[in-house]
Amino acid sequence: MIISHKIRLNPNNKQATYLAKAAGTARFAYNWALAEWQIQYAAWKEDNSQPKPNQMLLRRQLNSIKREQFPWMLEVTKNAPQMAIIQLGAAFKNFFAGRAKYPQFKKKGKSRDSFTLTNDQFAIDGCRIRIPNLGLVRMRETLRFSGKILSATISRNADQWFASITVDTDQNHLPPAENQGTVGVDLGVSALATLSTGEKVVGAKPHKALLSRLQRLSRSLSRKVKGSANRHKAKQKLAKLHARIANIRQNSLHQLTTDLTRRFHTVGIEDLNVSGMVKNRHLSRAISDMGFFEFRRQLEYKADRRGAVVVVADRFFASSKTCSASGCGHKVDKLPLSVREWTCPLCGVVHDRDINAAKNLEKYAVSSTVSACGGCDLMPLK
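All values reported here derive from a predicted model rather than from experimental measurement.

K.L.:
Got a sec to walk through the pairing of strand 1 (residues 2-10)? Specific residues and values, please.
P.N.:
Residues of strand 1 alternate between two faces, with I3, H5, I7 and L9 buried on one and I2, S4, K6, R8 and N10 left unburied on the opposite face. Both strand 1 and strand 7 (residues 160-168) contribute to a ladder of 7 bridges, which runs antiparallel. Each residue of the ladder has a partner; that of H5, found in strand 7, is I165.

Shown next as structure tokens:
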């Protein structure tokens, strides 16, 4: 099992300057390799006798010219430019496989600064990490997992530096699910999650709560002269607020997904078209503030580690329009978003829209799990 542990660093001013240089070198190498890739690929298309570009050739080409053309690259670890080109090669591989968009140039100040180290270029010593040409940098905590260390990615978010350390381990730090049965989870805007048990979890909505402050800092930044020290300070304040909003959202999602995977062995959710939902100009900000995609990502990997199951209903499954009453299953033709409660015309049961959807997702999860195991009874996890 490959797990990453992201730990905040406590560098001093000299160390922070080095980390920024290494991240800038990685960004420059990535952009240089992308430009060379485009030139060489165009030449190969015109004349197939020319070598087709790949990350190995580009790495060798950079190594042959960097001492004369880019001597400042020697001030930081060699992994910074080399791993950036390897990552560009992986980006093109994903592009040609149809899994990602065409790689784009990285812009200074607009892309997250980072660089990657291979396991032979750094070492962990308790609460410190040793980085080439820099020495020991303090970490806020020790590495949680034991096993073979594969790599480390040093990144900056606002004014804070982090080390994401990847470990290949057999250790599972999450205990098995408690097996409280199956639950359906309906995601929404007014309440982040409504469970088939009747529980409703209100989202943190950090962007909405801090929107006025965000607008004030954005206006302050726009008034500053470009290139001035005051503009840099205003930019740092705005970046810290964005990081705080993201951290609050991430924390609330972690609490919810951990609780669900700890309690239930099977969780039913919908396959939401988030990219299509945010095109609604009336709801786009509220939907983005909830973090539906991140919720599903966290839920799936935590369920996998606990031995639980996440059942994803089809995108066109009518969870809200179908009556969840036992023995009914009537489906209404239309149910606008403004209707939060509705009465089934067949059985007369009054439904809360979200709870009804969650109950239908629970039934879907149970039926899918039973059919997947050949009609057998669900056995409790041990």
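K.L.:
Mind laying out the sheet that holds strand 10 (residues 200-201), listing which residues take part and the relevant values?
P.N.:
What holds strands together in a sheet is hydrogen bonding between their backbones, with the strands either parallel or antiparallel. Strands sit in the order 10-9-8-11-12 across an open sheet of 5 strands; the sheet is mixed. The open sheet terminates on both sides in strands that have one partner only, identified here as strand 10 and strand 12 (309-313). Sheet topology note: the strand 9 (residues 193-195)/strand 10 ladder contains 2 bridges and is antiparallel. Across the sheet, T194 pairs through a bridge with K200, a residue of strand 10.

K.L.:
Any details on the packing of aromatic side chains? Residues and values, ideally.
P.N.:
Applying the stated rule across the entire model yields 11 aromatic pairs. Seen from their ring centres, Y41 and W44 are 5.6 Å apart, and the 35° between their planes marks the pair as tilted. Here Y41 pairs with W44, and both are found in helix 1 (residues 13-46), just 3 residues apart, close to one helical turn. Aromatic ring contacts, followed pair by pair, group W37, Y41, W44, F92, F95, F96 and Y102 into a single cluster.

K.L.:
Describe the sheet that holds strand 5 (residues 135-139), and please don't skip the residues or the numbers.
P.N.:
Taken in spatial order, the 7 strands of this open sheet run 2-6-7-1-5-4-3, and their pairing is antiparallel. Each edge of the open sheet is held by one strand with a lone partner, namely strand 2 (114-118) and strand 3 (123-125). Taken pair by pair, the neighbouring strands of this sheet meet at an average axis angle of 35°, ignoring direction. The sheet contact formed by strand 4 (residues 128-131) and strand 5 spans 4 bridges and is antiparallel. Counted as the bridge partner of R130 is L136 from strand 5.

K.L.:
Explain the environment of L174 to me, and be specific about the residues and the numbers.
P.N.:
You can see L174 is positioned in the loop between strand 7 and strand 8 (182-187). Given a relative accessible area of 17%, L174 falls into the buried group. Distance from L174 to R128, taken between C-alpha atoms, is 25 Å for residues 46 residues apart in sequence. In this structure, L174 is in contact with K302, R305 and R306, ignoring residues within four places of it in sequence.

K.L.:
Pulling in residues and values, what's your account of the pattern of salt bridges?
P.N.:
Under the counting rule described, the total for this entry stands at 17 salt bridges. The salt bridge partner of K240 is D159, with a shortest N-O separation of 3.9 Å. Linking K240 in helix 6 (residues 229-263) with D159 in the loop between strand 6 (148-157) and strand 7, this pair joins segments that are 81 residues apart in sequence. Under the relative-accessibility criterion, K240 is labelled partly exposed at 44%. Classification of D159 as partly exposed rests on a relative accessible area of 41%. Among the ionic pairs, R263 bridges to E199, the shortest N-O distance being 2.8 Å. Highlighted residues: R263 in helix 6 and E199 in the loop between strand 9 and strand 10, separated in sequence by 64 residues. Each of the salt bridges in this network shares a partner with another, and the network as a whole consists of E178, E199, D259, R262 and R263.

K.L.:
Which residues make up the pairing of strand 8, and what are the values?
P.N.:
Strand 8 sits mainly inside the fold: 6 of its 6 residues count as buried. Covered by surrounding structure in strand 8 are T182, G184 and D186 together with V183, V185 and L187, the residues of both alternating faces. Across 3 bridges, the pairing between strand 8 and strand 11 (residues 266-270) is parallel. Among the inter-strand pairings, T182 is bridged to a residue of strand 11, identified as T266. As judged from the 3 bridges shared by strand 8 and strand 9, these two strands associate in the antiparallel manner. Pairing of V185 across the sheet is with L195, part of strand 9. Here strand 8 folds back onto strand 9, and the loop between the two strands holds 5 residues.

K.L.:
Go over the confidence of the model for the chain with me, naming the residues and quoting the values.
P.N.:
One rule of thumb: low pLDDT means the predicted coordinates there are not for detailed reading. Of the residues in the chain, 96% reach a pLDDT of 70 or more, and the chain-wide mean stands at 90. Confidence scores differ between elements of the chain, with helix 10 (residues 353-372) showing the lowest mean pLDDT of 85 and helix 5 (residues 211-223) the highest of 96. Every residue in residues 376-382 is under pLDDT 50, and counting partners more than four places away or in other chains gives 9 contacts.

Each value, and the rule that gives it
- Residues numbered from 1 in each chain as written.
- Predicted model: local features only at pLDDT ≥ 70, side-chain atom pairs only at ≥ 80, totals over all residues.
- Heavy atoms only, no water.
- Buried < 20%, exposed > 50% of the residue type's maximum accessible area, 1.4 Å probe, protein only.
- Helix = DSSP H or I, 4+ residues; strand = E, 2+ residues; numbered from the N terminus.
- Pairing = 2+ DSSP bridges.
- Phe/Tyr/Trp six-rings, centres within 6.5 Å; stacked < 30°, edge-to-face > 60°.
- Axes fitted to C-alpha atoms, helices over the stretch in contact; angles between N-to-C directions.
- Contact = heavy atoms within 4.5 Å.
- Salt bridge = Lys/Arg side-chain N within 4 Å of Asp/Glu carboxyl O.
- pLDDT = per-residue confidence, 0-100.

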